[in-house]
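Examining the three-dimensional arrangement
Here is how the chains run, residue by residue.
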Amino acid sequence: MMGGSAVAKRPKMPVSAKKIKELADRLRAAGETAVAIKPLRDELPAGDIAAAYAVQKVNTLFWLRKGRRLIGRKIGLTSKAVQKQLGVDQPDYGMLFADMALYDGEEVSLSRLMQPKVEAEVALVLEKDVKKNNVSMTELISAIAYAVPAIEIVGSRIENWNIKIQDTIADNASSGLFVLGNEPKKLDGLDLRMCGMVMERRGDQISLGAGAACLGNPLNAALWLARTMVDVGAPLKAGDIVMTGALGPMATIAAGDVIDVRISGLGSVRSAFGA
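Here goes a summary of the coordinates provided. (Residues numbered from 1 in each chain as written. Predicted model: local features only at pLDDT ≥ 70, side-chain atom pairs only at ≥ 80, totals over all residues. Heavy atoms only, no water.)

Right, let's get into unusual backbone geometry. Most peptide bonds are trans, and most residues other than glycine sit at a negative phi. With a phi angle near 50°, N134 is a residue other than glycine that sits in the positive phi range. In this fold, N134 is placed in the loop between β5 (117–126) and α4 (137–143). Not every positive phi belongs to a glycine, and N172 is a case in point at roughly 50°. As for its position among the elements, N172 is in the loop between α5 (165–170) and β7 (177–180). Relative accessible area serves as the criterion here: at 12%, N172 is assigned to the buried category. (Helix = DSSP H or I, 4+ residues; strand = E, 2+ residues; numbered from the N terminus. Buried < 20%, exposed > 50% of the residue type's maximum accessible area, 1.4 Å probe, protein only.)

Below, the structure written as structure tokens:
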């Protein structure tokens, strides 16, 4: 182990509202100009996750005022290996807006994205509000209308994906766009923990995984999110989409790619990419 004097720790001081807004503005400008920025973490107290979420919230409120519509949440960092890499012991979350949703098979221009990558996920859609403190798994399951296969097209406003936990949280959990399959499945009879996933690029396999890679079960990730959103005063509501997290490694994409995802028990979903 390193000696105590080897690494100087930054003191955990309160972050001013001015600094939070400055960082939020910087991220938003990066998205608007498609010019990535340097990581933000060195401008926040080490380990201050709340400050990173404060940056995210500033931009969430900005976009809501501009007329964007919130339709759900996405969960990130559901892989234990990625958590270890970023030095955290829990997932994170970001916002899903209506204009981020693509239909199954829709072609999207890469000009809408920054440093895009794709990952395969299980998406859940709620039919009931989830407002109880410390909601149980059975209560959560009873609130879920159906599940569908999904592709998340992640992106980063941070140069070269040089991110740690504070960077990705501030950057709306490195969100981009998402695609949902169009054949909803009830949870009855589905074992989301054991569901196998294969992702292909024009027929070539580029990622394999299973539900167990997502916090042991995509429902575990959804439960963490449901409890967290109650704790922060923004509970999940009927109709919300929950992107539960990657079932396998993400993959880079380029113009001309067609990505197909198949998840056992749920079916398939496709996304295509133009210049």
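Inspection of every chain in the model, using the stated rule, returns 16 salt bridges. The salt bridge partner of D25 is K21, with a shortest N-O separation of 2.8 Å. Here D25 and its partner K21 are both found in helix α1 (residues 17–33), four residues apart, which amounts to about one turn of the helix. Assessed through its relative accessible area of 25%, D25 is described here as partly exposed. For E43, the salt bridge is made with R26, and the minimal N-O distance between the two is 2.6 Å. Remark: R26 occurs in helix α1 and E43 occurs in the loop between α1 and α2 (49–65); sequence separation between them is 17 residues. Residue E43 is classed as partly exposed on the basis of its relative accessible area, which comes to 31%. For R26, a relative accessible area of 25% translates into the label partly exposed. Within the structure, one salt-bridge network assembled from shared partners comprises K19, E22, R26 and E43. (Salt bridge = Lys/Arg side-chain N within 4 Å of Asp/Glu carboxyl O.)

Here we take up the nonpolar core. Within the largest apolar cluster, 82 residues are counted, with the highest numbers of intra-cluster contacts made by V118, V122, L124, I153, V261 and F273. In terms of residues, this core owes the most to one element, helix α6 (residues 218–231), which gives eight residues. With sequence-adjacent residues up to four places away left out, F273 is seen in contact with E107, V108, L110, L113, V118, I153, I253, A254, A255, G256, D257 and I259. (Core = buried A, V, L, I, M, F, W, Y, C linked by side-chain atoms within 4.5 Å. Contact = heavy atoms within 4.5 Å.)

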